[in-house]
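Overview (structure and organization)
Chain by chain, the residues run as shown.
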Amino acid sequence: MASFASLETPRSLWSRAPSTARRASAAAAAASYDGINSAPSEALLLLVAQGNVLVAELLRLSNELPRSLRDPSSRFEAVLPDFGYLKDPATAERAIEASPALVALDDEFREAHMGLLESLYRLYERIVGYHRGLTAFLDRLRSGAYIHASVESMLLGTEGRQLMVEATALLGSLLLLLDRRVPGAARERSVVAYFRARGGAQAVGPSINAVIALCAGTGFQPSSRWLPSGYPENYLARLPVAADVVGAL
């Protein structure tokens, strides 16, 4: 997949979020959970709370997706390219700029949906950030950065075991929900539309390549009874969790 690096262009899970947030607040005052070191428990509890918030945000934004992002045959099709745009963005931009009708259509879409494009992109970033946070936590736990705490000790107590499982399951749930609620073609169009509107990758920051990797279409169609080859394993591997941790769970 091409990179944006040099591009410059002119309910069930949600129902647990409030209770998880309350548990996160309570964690700050607790000395320990089931006898394990409290610092990793509190860090993991806050991470789980963040994951539940992301689930809620994903569900909310997916309900606001306009038909123009979902349907490739909408009247905005010519100004909403997918990641194929990355192969030759200059040519694609010239084609739009050469047509007053397309320029007007481009402006119309941005005026109507720029806020949603911004929110969707921030959601993609935060899902990537959740994975990075979980990975960093597990790396610290496995390296002994938390005194008297390890993957094994976290799994000995009821609270620690529940949090470890929930944090890992939330990552998978986020990915699967994303693919069902914001299909791959819609994700790709939203990312390209956002970067075109913002003027290119340099206006947004270094997260673009990670967002592209997350948002690339999987071939999954919610309306189809068939799954793409290697799905969902290949898709989940975009944001992997250490195999030894998964095995211990």
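The preceding data block contains the structure.
Let me sum up the structure you'll find in this document. (Residues numbered from 1 in each chain as written. Predicted model: local features only at pLDDT ≥ 70, side-chain atom pairs only at ≥ 80, totals over all residues. Heavy atoms only, no water.)

Description of empty space enclosed by the protein
In this structure, the largest cavity spans a volume of roughly 40 Å³. Counting only elements with at least two residues in the lining of the largest cavity, the list comes to α5 (100-143) and α8 (184-198). The greatest single-element share of the lining of the largest cavity, amounting to four residues, is contributed by α5. Taken together, the residues of the lining of the largest cavity sort by class into five nonpolar, no polar and three charged. (1 Å grid on protein atoms, 1.4 Å probe; cavity = no way out; pocket = protein on both sides within 12 Å on 5 of 7 lines; lining within 4 Å. Points joined across faces, edges and corners; volume = space filled by probe spheres on them. Helix = DSSP H or I, 4+ residues; strand = E, 2+ residues; numbered from the N terminus. Nonpolar A, V, L, I, M, F, W, Y, C, P; charged D, E, K, R; others polar.)

What to know about the layout of surface pockets
Roughly 200 Å³ of volume is contained in the largest pocket. In this structure, the largest pocket is lined by 14 residues; those nearest its centre are Pro183, Gly184, Ala185, Phe220 and Gln221. Sorting elements by how many residues they give to the lining of the largest pocket places α8 first, with four residues. Considered class by class, the residues forming the lining of the largest pocket number six nonpolar, five polar and three charged.

Structural notes on the nonpolar core
Counting 64 residues, the largest nonpolar core has Tyr124, Met164 and Leu214 as the members making the most contacts within it. Breaking this core down by element, the ones donating at least two residues are α2 (38-62), α5, α6 (151-156), α7 (158-181), α8 and α9 (208-215). If sequence neighbours within four positions are ignored, tyrosine 124 has contacts with Leu178, Val182, Arg187, Ser190, Val191, Val211, Leu214 and Cys215. (Core = buried A, V, L, I, M, F, W, Y, C linked by side-chain atoms within 4.5 Å. Buried < 20%, exposed > 50% of the residue type's maximum accessible area, 1.4 Å probe, protein only. Contact = heavy atoms within 4.5 Å.)

Quick notes on α8
Between the first and last C-alpha of α8 there are 21 Å, a value that for 15 residues agrees with the 21 Å anticipated at 1.5 Å per step. Burial of α8 is extensive: 12 of the 15 residues sit out of reach of the surface. Residues of α8 that are buried: Gly184, Ala186, Arg187, Glu188, Arg189, Ser190, Val191, Val192, Ala193, Tyr194, Phe195 and Arg196. (Expected span 1.5 Å × (residues − 1).)

Here we look at the environment of serine 143
With respect to the helices and strands, serine 143 occurs in helix α5. Taking relative accessible area as the criterion, serine 143 reaches 58% and is therefore assigned exposed. Within the local environment of serine 143, its side chain forms a polar contact with the backbone oxygen of arginine 140, the two atoms lying 3.1 Å apart. (Polar contact = N/O pair within 3.5 Å; in protein donor to acceptor, adjacent residues only side chain to side chain.)

Let's talk about the side chain of serine 68
One can find serine 68 in helix α3 (residues 67-70). Contact partners of serine 68, with chain neighbours within four places excluded, come to Ser74, Phe76, Leu80, Phe109, His113 and Arg189.

A few points about unusual backbone geometry
A cis amide bond links tyrosine 231 with the next residue in sequence, proline 232, at an omega value of 10°. Inspection of the secondary structure assignment puts proline 232 in the loop between α9 and α10 (233-236). Despite not being glycine, histidine 148 shows a phi value in the positive range, around 60°.

Regarding the pattern of salt bridges
Per the stated rule, a full pass over the model turns up 13 salt bridges. In this structure, the salt-bridge partner of glutamate 108 is arginine 75, at a minimum N-O distance of 2.3 Å. Linking glutamate 108 in helix α5 with arginine 75 in the loop between α3 and α4 (89-97), this pair joins segments that are 33 residues apart in sequence. We classify arginine 75 as exposed; its relative accessible area is 53%. Ionic pairing is found between aspartate 179 and arginine 187, a salt bridge with its closest N-O pair at 2.9 Å. By relative accessible area, which is 0% here, aspartate 179 ends up buried. A relative accessible area of 0% means that arginine 187 is categorised as buried. Here the salt bridges share partners, and the residues they tie into one network are Glu93, Asp106, Arg110 and Arg196. (Salt bridge = Lys/Arg side-chain N within 4 Å of Asp/Glu carboxyl O.)

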